[in-house]
Structure formats: structure tokens, C-alpha cells
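Spelled out from the first residue to the last, the chains are:
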Amino acid sequence: MIFPLKLKSYLFAALFYFTAFAAMAQTKHSDQTAYPSYKGLVMAGYQGWFRAEGDGSGAKGYSYGNEDRTGIDMWPDVSEYKKTYPTPFKLPNGASARFFSSYDQSTVDLHFKWMHDYGVDGVFMQRFFSNARPENRTNAAATILKNAFDAASTYDRAIAVMYDLSGLRAKGEDCSAIIDDWKYLVDELKVTNQAGKKTYLHHNGKPVVAIWGVGFPDRPYNIRNIGLERLIDFLKNDPVYGGCTVMLGVPTAFRQLNADCLNDPYLHELIRMADIVLPWTVQRYSPLLHNDMDRLRDNTLDDMKWCRENGVEYVPCVYPGFSWHNLSKYEFPDDIKPVGSIPRMGGKFYWQQISTVLRLGAPMLYVAMFDEVNEATAIFKTTDTPPVSQTTSFLGMEGLPSDHYLWLTGEAAKVLRNEVPLSLKLPVRKAEGVN
């Protein structure tokens with residue numbers, strides 16, 4: 001077909017503007033990253049929610065509470081922090097116990113340095129729904145997020161955003177706030193296009209965005225009417241802010257739709273829309289139950305088979321132990337939990353989970369969590385000489401070094417990448433200076 005010259009000009013102009021728009025639409029996310037795939041990586045969850053009065057965040061009071069009301073069950077080893085803050089708690093020697101603030105850049109920087117030094121590949125930064133609301137979008141949590149992305153570039157650690165639906169109200173709210181918040185993170189904080197070294201976690205050539213809290217029966221929201229389909233479609237297909245790999249954090253029994261999971265097959269529809277499924281296993285397995293690792297093995301095998309059949313990838317969740325004794329005293333006064341209700345056993349429980357899922361061929365791991373001392377799932381440095389009190393009890397490190405779980409996590413990463421052989425027994429750490 002022969003077009004008149006004027007029409008050709010219009011067609012070329014239209015083609016030019018379409019191409020320019022398409023190119024512009026692809027510039028929101030950098031296509032460069034040091035971490036093009038989740039496979040072969042050990043990622044941890046990072047809360048970053050600790051505040052202290054006087055840290056510049058505007059906090060009134062302290063997130064670690066006091067002897068009468070605290071949600072902390074493990075105490076951080078603060079010997080390497082540049083800035084710490086006094087607390088009402090006393091150490092065994094009578095000195096004031098000190099705590100860090102996540103708001104300080106030096107704190108986040110130290111945490112990412114530890115990740116680098118011990119071989120922890122990176123973290124998913126928790127972005128709670130309350131912080132995604134327009135009125136809170138630029139609060140202290142955004143500063144911590146920015147600091148984390150800067151530190152990830154500095155220490156060459158993988159980093160990604162995980163939206164946690166905790167806090168979403170039963171009425172009057174849906175996932176629209178997350179859509180707008182993702183635009184803010186991409187446009188203003190440049191999370192997928194860091195100023196320094198590009199380390200945003202990609203998978204299958206796309207930035208990973210996680211949505212946690214889908215399918216749990218104790219949540220006030222209904223997964224059918226909070227716009228999850230629209231959110232997933234936006235993250236995957238929006239021409240400007242999409243093109244992402246979506247990971248869903250779901251209950252352990254997502255496949256059976258029972259136990260800790262909603263009995264609603266709609267959850268399976270949502271999972272099939274996504275790319276990766278992360279079953280939440282904290283508190284679901286325990287070293288105190290006979291042959292519980294056999295149950296983990298069987299569930300993992302069946303989960304992996306289900307995921308293959310339904311076209312999604314699978315990442316297992318592992319954790320070192322669990323305790324929320326102090327929190328339960330005021331949250332569940334009629335059901336106060338014992339200290340260390342899921343014991344760490346010197347890292348044996350942690351390694352049992354790691355070795356079980358890696359033996360089955362899991363290509364990637366999610367560790368819960370990096371800094372969660374509230375529920376005593378933290379793998380970062382904690383102390384064996386926590387504060388002492390007549391009313392509050394803290395877990396110690398069972399005589400082990402404060403970095404024991406960072407080291408074990410680094411060993412897991414070596415096994416995952418076939419740098420060292422898998423051992424079902426807990427690895428033994430060589431003394432410093434011993435070859």
C-alpha cells in the first residue's frame with residue numbers, strides 16, 4: 001500500500017512518540033542488577049522498626065518498652081553500634097542496658113556490613129500497610145528504607161520490598177494504597193534504580209515485590225474484596241511501574257486450605273496469578289515434636305509438587321527458634337507463653353530445617369528474620385548476657401558467640417550454591433586462626 005507523504009509523516013510521528021513512550025515506560029526500573037535471580041540466594045526478612053526517643057525519628061518513648069511492658073524476648077549485642085540508647089533495664093553487672101535505633105543510618109549500615117561479612121545475601125525490607133497509607137508514606141519508615149537501599153549498594157547486598165498486609169482494616173481499605181505507595185517508592189526513593197550499585201533483587205529478569213499476609217484466618221480483611229487481583233496485575237503488567245515478579249507470603253497449609261489457612265479456594269487463584277509462593281512456617285514446626293522434620297520434609301515435597309503443577313516457584317521459610325513470653329504477658333494474659341517455647345538448641349533446630357529443605361532441592365531460602373528480637377527469631381548478633389529483672393525474662397545465646405546464627409546462615413548459603421557439601425549435622429565452626 002502506498003501512503004501519501006503527509007500521511008507517512010503522521011505515521012512516522014506516531015511511531016516515534018509510541019516508541020519514545022514505550023522506552024520511557026521502561027526506565028522506571030533499572031534493568032541492571034548484581035542479583036538477577038533469587039535462585040542460589042539466602043534472603044532474610046528485615047523489620048527495622050526499633051525507635052528511641054532522641055534518635056531524630058520523633059519517637060516518644062522507646063520501642064523496647066520497660067520492665068512492666070516489653071515485647072522483646074532477646075537482647076541485641078550492641079558492642080559494635082556507633083549509637084545506642086539507655087533503657088530502663090539493667091545488665092547483670094548493674095549497668096544500664098542499651099539498645100540501638102533502626103532510624104540511625106549507622107545501625108542499618110552495620111547490619112548490612114554483617115550481611116556482607118557473614119555471607120547473608122540480602123533482605124526483604126518489611127513495608128507494613130500502615131506505612132503505605134498516604135499520611136504515613138514519608139515517615140520514619142521511609143527514611144529507614146532509604147538508608148537500607150544505600151547500605152545495600154555499599155555492601156553489595158540484595159534487597160527487595162515486602163509489603164505486609166498487617167494493619168489493613170476490615171472496612172474502608174483495600175490494596176489501592178499499596179499501588180500508590182509502590183509508585184512513590186519507585187519515583188521518589190528510586191528503590192528499583194538505586195543511585196549506587198544496583199542490587200535490587202530480580203527474578204526471571206524482573207524486580208521482585210512480595211506481598212505477605214494472604215490467606216491467614218486471623219486477619220480482619222477478606223482476601224476476596226481488598227483488590228489483591230488488581231494489585232498483582234498492576235505489579236506484573238502496569239506499563240510504567242509493573243514488569244515485576246510477585247511473591248506471595250501465605251500460610252503453611254496453603255495447599256490443603258486448612259489448619260493455619262483460610263478454607264477458601266480463591267487463595268489458589270491468587271497464587272496462580274503470582275510467580276513465587278512463600279509459606280510462613282514460624283511456629284509451625286518445633287524440635288520438641290518427635291520427627292517433626294519428617295513432617296517438614298513431606299509437606300515441602302508436596303508443596304513443591306503442587307507449585308510445579310500450578311506454574312509457580314517455591315521458596316521455603318526457615319527460622320532459628322521462637323519466643324514471645326514478654327509480649328504475651330499483656331497481649332494474651334490468659335495464655336502467657338513460656339520463654340523459648342520453640343527452643344533453638346544451639347542452632348540444631350535451624351540447621352535441621354535448612355538441611356531438610358536443601359536436601360529436597362530447594363533453590364532459594366527465606367530466613368525469618370534478620371532483626372526480630374520481639375519473637376526471638378533474629379539471626380543477627382544477640383547477647384548471652386541480657387538484662388536481668390524480677391518481672392521480665394530474656395533468652396540468651398546458650399553459651400554461643402553472638403554471631404553464631406549469622407555464621408550458620410552464611411554456611412547455608414555456601415551449601416545452596418554448592419560451594420560446600422550438605423551436612424545433615426550442625427556444622428562445626430573452626431577456631432579463628434585454625435586452617
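Located above this text is the structure these notes cover.
Model, not experiment: these values are computed from the prediction.

Cut-off values and rules
Residues numbered from 1 in each chain as written. Predicted model: local features only at pLDDT ≥ 70, side-chain atom pairs only at ≥ 80, totals over all residues. Heavy atoms only, no water. Helix = DSSP H or I, 4+ residues; strand = E, 2+ residues; numbered from the N terminus. Buried < 20%, exposed > 50% of the residue type's maximum accessible area, 1.4 Å probe, protein only. Contact = heavy atoms within 4.5 Å. Areas by Shrake-Rupley, 256 points an atom, 1.4 Å probe, with all protein chains shown as cover. Lys, Arg positive; Asp, Glu negative; His and termini not counted. Charge placed at Lys NZ, Arg CZ, Asp CG, Glu CD. Salt bridge = Lys/Arg side-chain N within 4 Å of Asp/Glu carboxyl O. Phe/Tyr/Trp six-rings, centres within 6.5 Å; stacked < 30°, edge-to-face > 60°. Pairing = 2+ DSSP bridges. Right-handed = clockwise from strand over helix to strand, strands pointing away. Axes fitted to C-alpha atoms, helices over the stretch in contact; angles between N-to-C directions. Parallel < 35°, antiparallel > 145°, perpendicular 65-115°, else oblique. Nonpolar A, V, L, I, M, F, W, Y, C, P; charged D, E, K, R; others polar. Polar contact = N/O pair within 3.5 Å; in protein donor to acceptor, adjacent residues only side chain to side chain.

Asks: Would you explain the overall build of the protein chain in this entry?
Replies: Scanning the protein chain from terminus to terminus reveals 11 helices and 12 strands. In the protein chain, buried positions account for 55% of the 435 residues. For the protein chain, the share of sequence-separated contacts (at least 6 apart) that also reach a separation of at least 24 residues comes to 74%. Counting only carbon and sulfur atoms, one obtains 52% of the accessible surface of the protein chain, whose full area is about 19100 Å². The average position of the 46 basic charges and that of the 49 acidic charges among the side chains of the protein chain differ by 4 Å.

Asks: What's the story with the pattern of salt bridges in this structure? I'm lost.
Replies: Note on pairing: side chains with opposite charge can pair once their charged atoms come close. Using the criterion set out here, one finds 24 salt bridges in the structure. Across the pair Lys28 and Asp187 runs a salt bridge whose closest N-O atoms are separated by 2.7 Å. A residue pair is termed long-range when its members are at least 10 positions apart, and Lys28 in the loop between α1 (5-25) and β1 (42-46) and Asp187 in helix α5 (residues 176-187) qualify at 159 residues. Since its relative accessible area comes to 21%, Asp187 is described here as partly exposed. The shortest N-O distance in the salt bridge between Asp150 and Lys146 comes to 3.2 Å. Residue Asp150 and its partner Lys146 are both found in helix α4 (residues 140-154); the two are separated by four residues, about one turn of the helix. Exposure remark for Asp150: the relative accessible area of 35% places this residue in the partly exposed category.

Asks: I would appreciate a short explanation of the packing of aromatic side chains in the present structure.
Replies: Two descriptors summarise a pair of aromatic rings, namely the distance from one centre to the other and the angle between the planes of the rings. Counted according to the given criterion, the structure contains 30 aromatic pairs. A centroid spacing of 5.8 Å and a plane angle of 55 degrees characterise the contact between Tyr38 and Phe124, whose relative ring orientation is tilted. Residue Tyr38 is found in the loop between α1 and β1, and its partner Phe124 is found in strand β4 (residues 122-128); the two are separated by 86 residues along the sequence. Each member of the pair, Tyr38 together with Phe124, is buried. Ring centres 5.8 Å apart and planes at 85 degrees place the aromatic pair Tyr81 and Trp114 in the edge-to-face group. With Tyr81 in the loop between β1 and β2 (85-90) and Trp114 in helix α2 (residues 105-118), this residue pair connects regions lying 33 residues apart in the sequence. Accessibility expressed as a relative area gives 8% for Tyr81, which makes it buried. What makes Trp114 buried here is its relative accessible area of 2%.

Asks: I'm lost on unusual backbone geometry in this one. Help?
Replies: Excluding glycine, residues mostly carry a negative phi; peptide bonds, for their part, are mostly trans. Residue Met369 follows Ala368 across a cis peptide bond; omega there is -5 degrees. By the element assignment, Met369 lies in the loop between β12 (365-367) and α11 (404-416). Backbone geometry at Asn204 places phi at a positive 55 degrees, although glycine is not the residue there. In this structure, Asn204 sits in the loop between β6 (202-203) and β7 (206-212). Overall, the relative accessible area of 56% leaves Asn204 in the exposed class. Here the phi dihedral of Glu398 falls at roughly 55 degrees; this positive angle occurs in a residue that is not glycine. Tracing the chain through its elements places Glu398 in the loop between β12 and α11.

Asks: So what exactly am I meant to see when it comes to the pairing of strand β8 (residues 245-251) here?
Replies: Each regular strand carries side chains that alternate between the two faces of the sheet. Where burial is concerned, most of β8 is hidden: seven out of the seven residues are buried. Strand direction decides the pairing type here: β7 and β8, joined by five bridges, are parallel. In the strand pairing of β8, Val208 is matched with Thr245. Viewed along the sheet, the connection from β7 through helix α6 (residues 228-237) into β8 turns out right-handed. Two elements, β8 and strand β9 (residues 276-280), share five bridges in a ladder whose sense is parallel. Bridge assignment links Leu248 to a residue of β9, and that residue is Val277. Note that the unit made of β8, helix α7 (residues 266-273) and β9 has a crossover that is right-handed.

Asks: Even after reading the chapter, I still don't get the packing of helix α10 (residues 348-359) against α11, so can you show me in this structure?
Replies: When two helices pack together, their arrangement is given by the angle between their axes and by how far apart the axes lie. Where α10 meets α11, the closest approach of the two axes is 11 Å, and the angle between their N-to-C directions is 10 degrees. Here α10 is positioned roughly parallel relative to α11, judged by the angle of their axes. Here α10 contributes Tyr350, Trp351, Ile354 and Leu358 to the contact with α11, which in turn contributes Tyr405, Leu408, Thr409, Glu411, Ala412, Val415 and Leu416. Here the residues of the contact of α10 with α11 are counted per class, giving nine nonpolar, one polar and one charged.

Asks: Teacher, can you tell me more about the side chain of Ser286 here?
Replies: Along the chain, Ser286 falls in the loop between β9 and α8 (292-310). Among residues more than four places away in sequence, those in contact with Ser286 are Asp292, Ile342 and Phe349.

Asks: What is the right way to look at α7 in this model?
Replies: It helps to recall that an α-helix has 3.6 residues per turn; residues three or four apart then point in one direction. Every buried residue of α7 is accounted for by Tyr266, Leu267, His268, Leu270 and Ile271. In this fold, the buried residues of α7 make contact with α6, β8, β9 and α8.

Asks: How should the side chain of Thr70 be read in this particular structure?
Replies: Here Thr70 shows up in the loop between β1 and β2. The buried category is assigned to Thr70, whose relative accessible area is 4%. Within the structure, Thr70 has its side chain in polar contact with the backbone oxygen of Tyr64 (distance 2.6 Å). Separated by 3.2 Å, the side chain of Thr70 and the backbone nitrogen of Ile72 make a polar contact. Setting aside anything within four residues of it in sequence, one finds Thr70 in contact with Tyr64, Gly65, Phe89, Asn326, Leu327, Tyr330 and Thr392.

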